[in-house]
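These are the residues of each chain, in order.
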Amino acid sequence: MLERIRQHAAGGARAYLGDDTEFLCRRLRQRGMVPRVLCDIIEVAEPEWVGAAEALLGRDREAVFVDRADISAATSIFKEGRREFRHASLVILYRYLRRTPASRIAEDAAVRLVAGAAMHDSLKNSASQVAEAWGRGKTWHGFASSDVETLRDAFVLAQAILANKHLGVDYKTFSRRTVGHSKTLERIEGAVVRLLSGILEFPPGARPREALRAIGLERFAPPLLIAGKIDLDGADLAGISPLYLGITPKEADRVRFREPPAYVLTIENFASFNRHIAEADPGRLGTTMYVGGYPSLATQQALRTIAGLVSEQTPIFHWSDIDPDGT
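All values reported here derive from a predicted model rather than from experimental measurement. (Residues numbered from 1 in each chain as written. Predicted model: local features only at pLDDT ≥ 70, side-chain atom pairs only at ≥ 80, totals over all residues. Heavy atoms only, no water.)

On to the nonpolar core. If you look at the biggest cluster of nonpolar residues, it comprises 35 residues, and the most contacted ones within it are Trp134, Leu151, Phe155 and Val192. It is helix H9 (residues 148-162) that provides the largest number of residues to this core, a total of eight residues. If we skip the residues at most four places from it in the chain, Phe155 touches Leu113, Val114, Met119, Leu123, Ser126, Ala127, Val130 and Leu195. Counting residues in each nonpolar core, the second largest holds 15 residues, with Ile226, Ile230, Leu237 and Ala252 among its members. (Core = buried A, V, L, I, M, F, W, Y, C linked by side-chain atoms within 4.5 Å. Buried < 20%, exposed > 50% of the residue type's maximum accessible area, 1.4 Å probe, protein only. Helix = DSSP H or I, 4+ residues; strand = E, 2+ residues; numbered from the N terminus. Contact = heavy atoms within 4.5 Å.)

A residue-level look at the protein finds 86% of positions with pLDDT of 70 or above and a mean pLDDT of 82. Confidence, read as mean pLDDT per element, is least for helix H1 (residues 2-9) in the protein (45) and greatest for helix H11 (residues 184-196) (95). (pLDDT = per-residue confidence, 0-100.)

As a general feature of sheets, a regular strand has side chains that alternate between the two faces. Across three bridges, strand E3 (residues 224-227) lies against strand E8 (residues 287-290) in antiparallel orientation. Paired with Leu225 across the strands is Tyr290, a residue of E8. Relative to E8, strand E7 (residues 264-267) runs parallel, the two being bridged by four bridges. Residue pairing for E8: Thr266 is matched across the bridge by Met289. (Pairing = 2+ DSSP bridges.)

For the rest of this paragraph, the subject is the packing of helix H8 (residues 121-135) against H9. At a closest axis distance of 11 Å, the pairing of H8 and H9 adopts a crossing angle of 165°. With respect to H9, the element H8 is oriented roughly antiparallel. Seen from above, H8 lies across H9 with right-handed handedness. Contact with H8, carried on its side by Leu123, Ser126, Ala127, Val130 and Trp134, involves Val148, Leu151, Phe155, Ala158, Gln159 and Leu162 of H9 and no other residues of that element. Of the residues in the contact of H8 with H9, the class split is nine nonpolar, two polar and no charged. (Axes fitted to C-alpha atoms, helices over the stretch in contact; angles between N-to-C directions. Parallel < 35°, antiparallel > 145°, perpendicular 65-115°, else oblique. Left-handed = near helix turned anticlockwise from the far one by under 90°. Nonpolar A, V, L, I, M, F, W, Y, C, P; charged D, E, K, R; others polar.)

Before going further, it helps to examine helix H5 (residues 71-80). Among the residues making up H5, those that are buried are Ile71, Ala74, Thr75, Ile77 and Phe78. Along the long axis of H5, the arc covered by the buried residues comes to 160°, so they all point the same way. Pointing more than 90 degrees away from the buried face of H5 are the exposed residues Ser72, Lys79 and Glu80. (Arc of directions from axis to C-beta.)

A separate point is unusual backbone geometry. For Ser241, which is not glycine, the phi torsion reads 40° and is therefore positive. Following the sequence through the fold, Ser241 ends up in the loop between strand E4 (230-232) and strand E5 (245-247). For Arg284, which is not glycine, the phi dihedral falls at a positive 55°. Along the polypeptide, Arg284 turns up in the loop between helix H13 (270-280) and E8. By relative accessible area, which is 14% here, Arg284 ends up buried.

Our next topic: the pattern of salt bridges. Throughout the structure, instances matching the rule amount to nine salt bridges. Salt-bridge contacts for Glu189 lead to Arg209; the nearest nitrogen and oxygen are separated by 2.8 Å. A residue pair is termed long-range when its members are at least 10 positions apart, and Glu189 in helix H11 and Arg209 in helix H12 (residues 208-214) qualify at 20 residues. Overall, the relative accessible area of 12% leaves Glu189 in the buried class. (Salt bridge = Lys/Arg side-chain N within 4 Å of Asp/Glu carboxyl O.)

Let's shift gears to a nonpolar patch on the surface. A cluster of nonpolar side chains, namely Ile41, Ile42, Val44 and Trp49, defines an oily patch on the protein surface of about 380 Å² accessible area. Among the secondary structure elements, Val44 is positioned in the loop between helix H3 (38-41) and helix H4 (50-57). (Patch = residues over 30% accessible without salt bridge, like charges linked within 9 Å, V, L, I, M, F, W, Y side chains within 5 Å. Areas by Shrake-Rupley, 256 points an atom, 1.4 Å probe, with all protein chains shown as cover.)

It is worth spelling out the environment of Arg209 at this point. Owing to a relative accessible area of 25%, Arg209 belongs among the partly exposed residues under this scheme. Note: C-alpha distance between Arg209 and Glu189 (20 residues apart in sequence) is 7.1 Å. With sequence-adjacent residues up to four places away left out, Arg209 is seen in contact with Tyr171, Glu186, Glu189 and Arg219. Polar contacts involving the side chain of Arg209 include one to the side chain of Glu189, which spans 2.8 Å. (Polar contact = N/O pair within 3.5 Å; in protein donor to acceptor, adjacent residues only side chain to side chain.)

Another aspect to go through is the side chain of Arg27. With respect to the helices and strands, Arg27 occurs in helix H2 (residues 19-30). A relative accessible area of 19% means that Arg27 is categorised as buried. Setting aside residues up to four positions removed in sequence, Arg27 forms contacts with Ile77, Glu84 and Phe85.

Listed below in C-alpha cells is the structure:
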C-alpha cells in the first residue's frame, strides 16, 4: 500500500497493478478485447484521498471489465490460464455487472435438487450426474439448472415410488399427494422413469406411461377382457353367454369355470383377441384373455389369480409379437 501511495504521490499517470492483472489484461487484448481496470476508471478528485480510496477498494481496485459481449470468451481465457492469473479474480467481472457466474448458479441448483430429502443411493448418484452436467454448462436430458424445482419433483416422485407409496393409488392422486399437483407426474414422467430405470425393471422399449403402468401406477386399471365358459361368483352367465366379459382386474377372484378350460390363452392385440374367440374357438373350449402389450400390475395379479384357478395340467399360452415390446 505504501508503494502505491508513493507512486501516486510521485504523479504516476497509471495506478500500480499486480503482475497477474497486467498479464490478464495483455492476454485479453491479444484476443481483440478491450479490458479496463477499475482503478484506471475511477478518478479521485483530491490527490490526498487516493490512498484512502485504494484502502477502501482493497483487491477490488484491480477489477477487470470487458464488454458484455466478451464475457464468455474472457471467462474461457481465465479458466485456461487459471494458474497464471491466480491473483486475479474473474468473479469480479460478474459482481460489477450484477451477474452470478454460471458455475455458481449450477452449484446452488444442485444443492437445492435434493436438499432435505432422504434419497435412495441410486438417486443420489443421479443427482451427482445432474450436478456435473450443470457444472459444465450442459443440460441433463433437457433439464437445465433453471429447471431445478421441476426436476426436484421428479426425484421426490421417484423416491415415493421406491417407497411403494404408489401402490393402490391412481396416477393423479399419487402425484397430488406426493408433490401437491395432480398433473405434475404427467408432465415429467419421462424423467421419473429415467431416474428409476437403473433401480426397477421395466419392459424393454416401454414408453414412460407404459413403464409406470407395469409397476402399478396408472390412472385406473383397464378392464380385463375374458372369454370362456365362465361365471362370476353369485352370477350364472350360462343363459346369456356373452362373447366375452369385462371385469376390473381386482375382481378376478370372482371368476368361476363352469367346466375346466382346455387351455388358457393371453393375447396382447385386441383384433387378434376378437378374431380368436370368434373364429378359432367359437365354442369357448378354452379361456382367452386380452391383456394388451404392457399389462398393468393389477392385470398381472389378475393373471396369477386365473392361473391359480385351473389345474396344473392346463396349458397356458401367450400370443404376442416376437419383439422386445411383447409381453
